Amino acid sequence: MEELQILNSEKGLNLVDNDMELYKVLIDTFINESRFSIDELKEFVGKGEMKEAASYVHAAKGAGRQLGAERLASVGQKLEDTLRGKADGNIDELCADVAREYEEALNAAKVFSASCSIS
């Protein structure tokens, strides 16, 4: 099984039919408009609002998946499934994993953006 990448731009481009301009828009949107906070996620979990927490994770996971952020998409899916009661898992550990992968995907998107001169 191949190792998942932080940002697989080839995969992301394939998802938008190799439209580089659209991919750049998605990257720019992820950098400037995506909102993920481990504190907000922990607040949902701490209040027992698992449905809201799952929806919050779903949005971050989906935004990452569109870009080819494979590791974020994978761990996000595991956490979402756990929050929805579809799988077993340590919620605190998975929350930390999602936060780490989100930051790594965000940093990789910024590097990609800079290499493409996206403003």
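See the structure shown above.
Quick look at the structure, then.

## Looking at unusual backbone geometry
Moving on, step 1. Positive phi outside glycine occurs at Asp17, with the angle close to 55 degrees.
Moving on, step 2. Unlike most non-glycine residues, Asn18 shows phi in positive territory, near 60 degrees.
Moving on, step 3. Positionally, Asn18 belongs in the loop between helix 1 (9-15) and helix 2 (20-33).
Moving on, step 4. On the basis of relative accessible area, Asn18 is assigned to the exposed category, the value being 53%.

## Things to note about the side chain of Lys61
Moving on, step 1. Looking at the secondary structure, you find Lys61 in helix 4 (residues 50-67).
Moving on, step 2. A polar side-chain atom of Lys61 sits 2.6 Å from a polar atom in the side chain of Glu80.
Moving on, step 3. In this view, Lys61 contacts Leu72, Ala73, Gly76, Gln77 and Glu80; residues no more than four positions away in its chain are not counted.

## What about the packing of helix 5 (residues 70-83) against helix 6 (residues 91-115)?
Moving on, step 1. Helix 6 packs onto helix 5 with a crossing angle of 155 degrees between their chain directions and a minimal axis gap of 9 Å. One way to sum up the angle between helix 5 and helix 6 is to call them roughly antiparallel. In the packing of helix 5 onto helix 6, the handedness of the crossing is left-handed. Contact residues: Arg71, Leu72, Val75, Gly76, Lys78, Leu79, Thr82 and Leu83 in helix 5; Ile91, Leu94, Cys95, Asp97, Val98, Glu101, Tyr102, Glu104 and Ala105 in helix 6.
Moving on, step 2. Looking at side-chain class alone, the contact of helix 5 with helix 6 contains 10 nonpolar, two polar and five charged residues.

## Some points on the pattern of salt bridges
Moving on, step 1. Enumeration over the complete set of coordinates arrives at nine salt bridges.
Moving on, step 2. For Glu70, the salt bridge goes to Lys11, with nearest N and O atoms at 3.7 Å. Taken together, the residues Glu70 in helix 5 and Lys11 in helix 1 connect sequence positions 59 residues apart.
Moving on, step 3. Looking at Glu70, the relative accessible area reads 9%, which means it is buried.
Moving on, step 4. Between Glu43 and Lys47 there is a salt bridge, with its nearest N and O atoms 3.2 Å apart.
Moving on, step 5. Of the residues examined, Glu43 reaches a relative accessible area of 46% and is grouped as partly exposed.
Moving on, step 6. Salt bridges here are not isolated pairs; linked through shared partners, they connect Arg71, Asp97, Arg100, Glu101 and Glu104.

The rules behind the values
Residue numbering note: each chain is counted from 1, following its sequence as written. The predicted origin of the model limits local features to residues at a pLDDT of at least 70 and limits the giving and counting of side-chain atom pairs to 80 or more, whereas totals for whole chains, interfaces and linings rest on all residues. Where side-chain values are given, they derive from all heavy atoms of the structure, hydrogens and water being excluded. Here a strand is any run of E in DSSP of at least two residues, a helix any run of H or I of at least four, and the numbering for each starts at the N terminus. The buried label goes to any residue with under 20% of its type's maximum accessible area, the exposed label to any with over 50%, and the partly exposed label to all in between, with areas taken from a 1.4 Å probe on protein chains only. Two N or O atoms form a polar contact when they lie within 3.5 Å of each other; inside protein one atom must be a possible hydrogen donor and the other a possible acceptor, and for residues adjacent in sequence the pair counts only when both atoms belong to side chains. When checking whether two residues touch, look at their non-hydrogen atoms; a contact exists if any pair is within 4.5 Å. Angles here are taken between N-to-C directions and fall from 0 to 180 degrees, while the axes themselves are lines fitted to C-alpha atoms, restricted in helices to the stretch in contact. Our angle categories are set so that under 35 degrees counts as roughly parallel, over 145 as roughly antiparallel, 65 to 115 as roughly perpendicular, and the remainder as oblique. Left-handed is the label given to a crossing in which the near helix is rotated counterclockwise from the far helix by less than a right angle, and right-handed is the label when the rotation is clockwise. Each residue gets one label: Ala, Val, Leu, Ile, Met, Phe, Trp, Tyr, Cys and Pro are nonpolar, Asp, Glu, Lys and Arg are charged, and the others, such as Gly, are polar. Throughout this description, the term salt bridge denotes a Lys or Arg side-chain nitrogen within 4 Å of a carboxyl oxygen of Asp or Glu.

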